[in-house]
There are 6 protein chains.
Amino acid sequence: MNETTRNALVVSAHSADFVWRAGGAIALHAQQGYGVHIVCLSFGERGESAKLWRKGDMNEARVKAARREEAQAAAEILGATVEFFDIGDYPMRADKETLFRLADVYRRVQPEFVLSHSQKDPYNYDHPLAMNLAQEARIIAQAEGYRPGEPIIGAPPVYSFEPHQPEQCEWRPDVLLDITEVWPQKYAAIQCMAGQEHLWEYYTRVALQRGVQAKRNVGITSSRNIVYGEGYQSLFPRVTENLS
Amino acid sequence: MNETTRNALVVSAHSADFVWRAGGAIALHAQQGYGVHIVCLSFGERGESAKLWRKGDMNEARVKAARREEAQAAAEILGATVEFFDIGDYPMRADKETLFRLADVYRRVQPEFVLSHSQKDPYNYDHPLAMNLAQEARIIAQAEGYRPGEPIIGAPPVYSFEPHQPEQCEWRPDVLLDITEVWPQKYAAIQCMAGQEHLWEYYTRVALQRGVQAKRNVGITSSRNIVYGEGYQSLFPRVTENLS
Amino acid sequence: MNETTRNALVVSAHSADFVWRAGGAIALHAQQGYGVHIVCLSFGERGESAKLWRKGDMNEARVKAARREEAQAAAEILGATVEFFDIGDYPMRADKETLFRLADVYRRVQPEFVLSHSQKDPYNYDHPLAMNLAQEARIIAQAEGYRPGEPIIGAPPVYSFEPHQPEQCEWRPDVLLDITEVWPQKYAAIQCMAGQEHLWEYYTRVALQRGVQAKRNVGITSSRNIVYGEGYQSLFPRVTENLS
Amino acid sequence: MNETTRNALVVSAHSADFVWRAGGAIALHAQQGYGVHIVCLSFGERGESAKLWRKGDMNEARVKAARREEAQAAAEILGATVEFFDIGDYPMRADKETLFRLADVYRRVQPEFVLSHSQKDPYNYDHPLAMNLAQEARIIAQAEGYRPGEPIIGAPPVYSFEPHQPEQCEWRPDVLLDITEVWPQKYAAIQCMAGQEHLWEYYTRVALQRGVQAKRNVGITSSRNIVYGEGYQSLFPRVTENLS
Amino acid sequence: MNETTRNALVVSAHSADFVWRAGGAIALHAQQGYGVHIVCLSFGERGESAKLWRKGDMNEARVKAARREEAQAAAEILGATVEFFDIGDYPMRADKETLFRLADVYRRVQPEFVLSHSQKDPYNYDHPLAMNLAQEARIIAQAEGYRPGEPIIGAPPVYSFEPHQPEQCEWRPDVLLDITEVWPQKYAAIQCMAGQEHLWEYYTRVALQRGVQAKRNVGITSSRNIVYGEGYQSLFPRVTENLS
Amino acid sequence: MNETTRNALVVSAHSADFVWRAGGAIALHAQQGYGVHIVCLSFGERGESAKLWRKGDMNEARVKAARREEAQAAAEILGATVEFFDIGDYPMRADKETLFRLADVYRRVQPEFVLSHSQKDPYNYDHPLAMNLAQEARIIAQAEGYRPGEPIIGAPPVYSFEPHQPEQCEWRPDVLLDITEVWPQKYAAIQCMAGQEHLWEYYTRVALQRGVQAKRNVGITSSRNIVYGEGYQSLFPRVTENLS
């Protein structure tokens, strides 16, 4: 990470989450010059690789390798860097060491904003755990007394990206991001996820719906031509000098 | 209103509400070149003029005149225009005519954003009524079939400004506006409210608290020097191309 | 109402509600020397008099008369005064005149606390309307500009008494009142409601359950012998000098 | 309505709402032998007929006539009957007469379930008003004292169908209806809405998303082949003898 | 468990919870031919055996033995099988091994629905922990990558049964189960809990109240004769083809 | 602790929290004759000692010593006893041993009420953890089977004191404590916190705002002269015989 760059951080429970849920934001900010760094806490080897397991002659190492490859290809298309913590999934558990490891990423990256999962997800317990970890690591990285002398971080806003069944996760978007311009990149990244083809069209439709809603929230008199969108829920108040 | 100006609309239940609760936003956007227009639905003649009533020889007309004068002086200091619907308070009631009158203001002003009260206030039933009216009039003004042929409005974001006892009103700010630069104007406008001196220091402290919170939400490493703030709760998702 | 007495006000949508839902509180405070005044907005003639209607040869006047008699008998047993606004039920509607009439009751009674219905009730739209009216009338009665010169009221706490299906009404008791001592009076008052015998045992069980819960919330080591209780939800923070 | 038929009632604020939001439920139950009756409170002549207004030489009567025709065609395709209250939209207001008119529909239809709008919709104030009216009319129709002697209704479950921006309306589906079998009818009915073509694909995608979610909520091991779905939120607890 | 049977799973924090809270559902489904299997995570030896501890000459082993006996007797009366994880209570803690043990139960039982505690209980921290464990184990058991090759489970609905003080636990029943027919079995099972006689009548009254509410939610015109009920809150949307 | 004294317990995540957030309640109840005992779980050495760390020549032991001294001085001024668990902060983690240690404090102190943090705080994960620990330890201390034979505790009410950004923590005060009389002691205790001078005026303003709100909630007709206040949120219903 170049120190003069503006950076962003994405914390993804499984290696494909960042693509479906935040691929547009990643590509858009990369295009705007941000250094976007992704931490995949696991490969989703147990819980999100059903198709791979159904192939014959599989084991955990092979599943992980396949998933790593897909995630790296997707990150590259989106213009981001990616690292893998490999802490396991289904269930995901994070000890203090993992917490400090992620806090150290925060200090290194100095993100201007952070993206992670919804705070509740009754379908997937790894997702809220990832968000919780992202939040607590942010707090640790802000503390002068953690590795005293190191530069601390500011207070980057944190956003929840969209879960699979938004209403069941009590997730309500208060930000609609216009990703029309980078949709080709997002869809190309989505296509890297060979094991989850059933989700390609699902998340294309999600993007179209959020696009229609974004258009509606700027008003039909607006000249903005929004087709694809991504929804985000902010966890902290934003500080601004303008309300338009 | 000049058609080339960017405009904003403030809907205030009583003639002083816009000062305590949104005076900073008004002055700040006026300074940024916005035409800010204020609609006072009532003068607060019954419910918010206790000190005037305690003077001898008072009647409703005199109370209203005194309150109108204060509000006009305050609006002038803030750099805004103001009009008075005079629909009465304690209780406030809005019929269809009032609704259309406000819808017509929307069409005339073509606001880029709208400020009004919290949606709940167990201490004051006029406040939520004003917000409800502001929301419904916005919807009417968006409809092609209302006064067909007239230019409709877009979808301006709507914000709740801060009520007197925020937690009891279930009001949670998701925007902290930095009003440091225009604090002198806001405090001068506050001082126009001769009948409510007990609130001058109360709302100065509110501004200082929101300022500290704004500072904390940009982080202590930030170079932004925020001292005074105003909190707002947005009712609709915002549409953006950047998450910083 | 004697001016030196401490008073309380109960606003009941239908003529029997105050018995099932607040009979214990009424009897208890009456016994403590309070003047308790009950306003029945309607007789419940349409919606809560099924048994009377099923008798032959009935009309609205007869139903009202029967209901009035029951309510008066119950109020007498509980030690309270009662008046009937007779504004109709199913649907209940309150105009400004009714609002002012109730505000005037507030000014006359100068209550130290107020009891009414839950703020939501999907089974009964008259109940939330009654509570809304009770709240708005309280606000009117506080305003110096309403009938200027008359003594205004303070800020009496307002409580929601228990609806028929508490969880469906989003009602959560934060006060459990020990009514063990006055249970005989409450049950005697309940028995005045000849038309609704199916509810006698229901509300006896409610009282026993709230009693067990009250006992549990003081702890099994407590010497307080609580058997019957009533639950209340407070709408405003209480002001105190002691947290025990 | 044949007395031996099982019936259902749909209360639609504007003349097209029932198609987008409940067309699948209507067609499905019609196919199961239910008599489904639709009440359109308005034609959506002001607020939901933008395309018609943009045609030259239009007035309210012509807009209403065009909308009525579309709605009747759609209802016929879905296998339902429809009536129009024509109470106006943007703003919609319901007086006691309208309330009783709808209560009388309840008594005539004796519905086994009721469908209407979400209870909150910041984009459209007519929608919650319609649901409120549907709920209060149901309560009136249950009261022995309303038109005494007439047969009252039972306690039919009430469901909110899906609003345009579900999360912003605090709408959470707790029922996913499998409408795969009747999708062709729903899509044919959708195509009757000539003035709102931009919504055809939007609501096709909604149906596909709810279908995927329904499939996920029965589990991937299930043999049920669900493609299209509709989401509903129930307002009352259901009573059952089986939890599978 | 016979593979052709339809099965259900109950996860009970302490050895008596399943009786008070779900005894009706267990007996009813057993009678309908379901194989109902109960997992008691602990015996409630510390927190729910006050009466046993007050006997002289007691130790943890004896308390556990007495509680096991009671629970087995109750399960037998209800027609269910029961196993004891014995992971301790007050505080209850679940490690990965316990999680996998419960996931393995899911795979073995292949339940069509799951019953456990409310998600919040400020009076008892073991209860939400049990529900959390039940939910996470269900997710693990659904994952192809957990013990690859074993048959996974589908997506059985999960219900929270009724806590001791429902409103304080933010528990809202959306299902009312008619248990009238099996009440004799439930009450017989309740009587096995010799150490907690104070709760026998409490939960009898709970059953009667839920019965009255169930009756009210089907409507007084219904011919269903419901006397006893149990309330449940569903955690996932149900998938259906009929809304009656 | 004298056995005949009435006692209270405060559980503070970091060594200064009890001063800002509950200093008034501590001084007030001490003055009323309560024995108030404070448990500081950590010294806030990492997360809340920024100013100390910025001094040269610092290490964790020196930071802790300085913070201990400040906290002891403050507790003495407030009239309370204090003990330090020293379990570390940023992140705070509590094992079973800490839980039992706190449960033992409960049994020794036999508090009549308990004060701790808000249940949610997105700015500080140690705060909710402290409250959770305080709640679970209370439950353990109530159990006959925990250290059988020892005297158990009753059911002392638990209150959340005010977090730094109340609305963001979903904290809503339902109790406003009048601390006017002991404000000098609270402010003297605040001044012991040499490392956090920026918070002195912040929390003075908080006290003034809560004082104004308390005054407003007793009503302007009240003779009570309230200037300074503290807000609390109760976690359990209170049991009472009087509603004034």
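Residue numbers here run from 1 along each chain, matching the order of that chain's written sequence. Whichever chain is written first becomes A and whichever ligand is written first becomes 1, with later ones labelled in order. The predicted origin of the model limits local features to residues at a pLDDT of at least 70 and limits the giving and counting of side-chain atom pairs to 80 or more, whereas totals for whole chains, interfaces and linings rest on all residues. Side-chain metrics in this entry use all non-hydrogen atoms of the structure; hydrogen atoms and water are not considered.

As recorded in an unreviewed UniProt entry, chain A goes by 4-oxalmesaconate hydratase and comes from Pseudomonas reidholzensis.

A. Geometry of the pairing of strand E2 (residues 35-40) of chain F. Residue and element names in this part refer to chain F. With respect to burial, E2 is a largely interior element, 6 of its 6 residues being buried. Throughout this description, buried means an accessible area under 20% of the type-specific maximum (1.4 Å probe, protein chains only), exposed means over 50%, and partly exposed covers the range between. The helix and strand labels rest on DSSP assignments: H or I over at least four residues marks a helix, E over at least two residues marks a strand, and numbering proceeds from the N terminus. The alternating pattern of E2 places Gly-35, His-37 and Val-39 and Val-36, Ile-38 and Cys-40 on opposite faces, both of which are buried. Two elements, strand E1 (residues 7-12) and E2, share 6 bridges in a ladder whose sense is parallel. Among the inter-strand pairings, Val-10 is bridged to a residue of E2, identified as Ile-38. Two strands qualify as a pair provided that DSSP identifies no fewer than 2 bridges between them.

B. Seen up close, the interface of chain F and chain C. We call two residues contacting when some pair of their heavy atoms lies within 4.5 Å. Each partner contributes residues to the interface: chain F has 41 residues there, and chain C has 41 residues. Two parts placed together each lose some accessible area under a 1.4 Å probe, and adding up what both lose gives the buried area. Looking at the side of chain F facing chain C, the largest losses of area belong to F:Arg238, F:Val239 and F:Leu243, adding up to 23% of the total buried there. Salt bridges are defined by distance alone: a side-chain nitrogen of Lys or Arg within 4 Å of a carboxyl oxygen of Asp or Glu. Where chain F meets chain C, there are 2 salt bridges. Residue C:Glu241 is joined to F:Arg224 by a salt bridge in which the shortest nitrogen-to-oxygen separation is 2.6 Å. In protein, a polar contact means a hydrogen-donor-capable atom and an acceptor-capable atom, both N or O and within 3.5 Å, with residues adjacent in sequence counting only if both atoms are side-chain atoms; elsewhere, any N or O pair within 3.5 Å suffices. In this structure, the connection of chain F to chain C is made through 24 residue pairs in polar contact (both at pLDDT 80 or more). Mapped by element, the contributors of at least two residues to the side of chain F that touches chain C are helix H1 (17-31), strand E4 (111-116), strand E6 (175-178), helix H7 (198-218) and strand E8 (238-240) of chain F. The residue classification treats Ala, Val, Leu, Ile, Met, Phe, Trp, Tyr, Cys and Pro as nonpolar and Asp, Glu, Lys and Arg as charged. All others, Gly included, are polar. A class-by-class count of the residues in the side of chain F that touches chain C yields 23 nonpolar, 9 polar and 9 charged.

C. Structural detail: the relation of the copies chain B and chain A. Least squares is the method for superposing the copies, and the C-alpha atoms it fits come from residues with pLDDT of at least 70 in both. When chain B is brought onto chain A, the operation consists of a screw motion whose angular component is 180° and whose axial shift is 0.0 Å, with 0.0 Å RMSD remaining. Classification of the inter-copy transformation places it as that of a two-fold axis. Residue B:Asp174, judged by its C-alpha, is the member of chain B lying nearest the rotation axis, at 4.8 Å. Both copies present the same face, since 100% of the interface residues in chain B are matched by interface residues at the equivalent positions in chain A.

D. Inspection of the side chain of C:Arg107 at higher detail. Residues and elements named next belong to chain C. By secondary structure assignment, the location of Arg-107 is in helix H4 (residues 96-109). Under the relative-accessibility criterion, Arg-107 is labelled buried at 7%. Looking at Arg-107, its side chain comes within polar contact range of the main-chain oxygen of Ala-143, at 2.8 Å. Setting aside chain neighbours within four positions, we find Arg-107 in contact with Ile-140, Ala-141, Ala-143, Tyr-146, Arg-147, Glu-150, Pro-151, Ile-152 and Ile-153.

E. Just the interface of chain B and chain A, in detail. On the chain A side, the residues contacting the 41 residues of chain B number 41 residues. If you sort the residues of chain B by the area they bury against chain A, B:Arg238, B:Val239 and B:Leu243 come out on top, with a joint share of 23%. Where chain B touches chain A, the interface holds 2 salt bridges. At the boundary of chain B and chain A, one finds 24 residue pairs in polar contact (both at pLDDT 80 or more). Among the secondary structure elements, those contributing two or more residues to the side of chain B that touches chain A are helix H1 (17-31), strand E4 (111-116), strand E6 (175-178), helix H7 (198-218) and strand E8 (238-240) of chain B.

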